[in-house]
Amino acid sequence: MKNIFIKELQKNLIIDGDSFLITDCEFLDDKFGKKYANITLEDISGRISGKIWSDKLEKIDRTILEPGNIINISGKVDEFKSSLQLNIYTAVISVGETMEHFVRSSEFNPEEMFNELLQYAEGIKRASLRGVVL
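Residues numbered from 1 in each chain as written. Predicted model: local features only at pLDDT ≥ 70, side-chain atom pairs only at ≥ 80, totals over all residues. Heavy atoms only, no water.

**Remarks on a nonpolar patch on the surface**
Here is step 1: A cluster of nonpolar residues, Leu129, Val132 and Val133, forms a patch on the protein surface that exposes about 280 Å² of accessible area.
Here is step 2: Given the relative accessible area of 41%, Leu129 is considered partly exposed. (Patch = residues over 30% accessible without salt bridge, like charges linked within 9 Å, V, L, I, M, F, W, Y side chains within 5 Å. Areas by Shrake-Rupley, 256 points an atom, 1.4 Å probe, with all protein chains shown as cover. Salt bridge = Lys/Arg side-chain N within 4 Å of Asp/Glu carboxyl O. Buried < 20%, exposed > 50% of the residue type's maximum accessible area, 1.4 Å probe, protein only.)

**A look at the packing of aromatic side chains**
Here is step 1: Following the criterion strictly, the structure yields one aromatic pair and no others.
Here is step 2: Summarising the aromatic geometry, the rings of Tyr36 and Trp53 are spaced 4.9 Å apart at their centres and angled 35° between planes, so their arrangement reads as tilted. Taken together, the residues span a long stretch of sequence, with Tyr36 in strand S2 (residues 35–43) and Trp53 in the loop between strand S3 (46–52) and helix H1 (54–57) at a distance of 17 residues.
Here is step 3: Positioned above the aromatic ring of Phe5 is the side chain of Lys2, whose terminal nitrogen or guanidinium carbon lies 5.1 Å from the ring centre.
Here is step 4: Seen from the ring of Phe27, Arg62 lies directly overhead, with NZ or CZ sitting 5.1 Å from the centre. (Phe/Tyr/Trp six-rings, centres within 6.5 Å; stacked < 30°, edge-to-face > 60°. Helix = DSSP H or I, 4+ residues; strand = E, 2+ residues; numbered from the N terminus. Lys NZ or Arg CZ within 6 Å of the ring centre and 35° of its normal.)

**Focus on the side chain of Lys2**
Here is step 1: In this structure, Lys2 sits in the segment before strand S1 (14–29).
Here is step 2: Residues within four places of Lys2 in sequence aside, it is in contact with Asp18, Ser19, Phe20, Asp43, Glu97, His101 and Phe102. (Contact = heavy atoms within 4.5 Å.)

**Looking at the nonpolar core**
Here is step 1: Formed by 22 residues in total, the largest nonpolar core has its most connected members in Ile39, Leu41, Leu65 and Ile73.
Here is step 2: Every element with two or more residues in this core is listed here: S1, S2, S3, strand S4 (70–80) and strand S5 (83–93).
Here is step 3: Ranked by residue count, the leading element in this core is S1, at four residues.
Here is step 4: In this structure, Ile39 is in contact with Ile22, Asp24, Cys25, Ile48, Ser49, Gly50, Ile52, Leu65 and Ile88, ignoring residues within four places of it in sequence. (Core = buried A, V, L, I, M, F, W, Y, C linked by side-chain atoms within 4.5 Å.)

**Structural notes on the confidence of the model for the chain**
Here is step 1: Residues of the chain with pLDDT of at least 70 account for 100%, and the chain-wide mean is 93.
Here is step 2: Per-residue pLDDT, averaged within each element of the chain, yields its smallest value for helix H3 (residues 127–133) (90) and its largest for S5 (97). (pLDDT = per-residue confidence, 0-100.)

Structure representation (structure tokens):
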């Protein structure tokens, strides 16, 4: 469930079961050769990097860590190189979330925008070009 947005995150904040959209995920090796996940998470307010270190990664179903999936996570907001980063402890696939909290959309009414485009297209004088545009 979406309770907090990325723009509201602060250092040392504990996240408990909140949802975020995965936009990128790669599995890398740390300096000791252990696997970890480097994840980019988003919602309508912004983007943040997340890490799932090897000790936590072995307890998470890796198949859910796919771009386009919404996951519920628990973890802590840390700071790394002057940027906030989520240190993720648990992650499960989110059920029942709608994309409205995760994908930015226009503040304008889509039907009104489409009708405005149609008006412009219908105003094209050259019939063959107007047909292609419509």
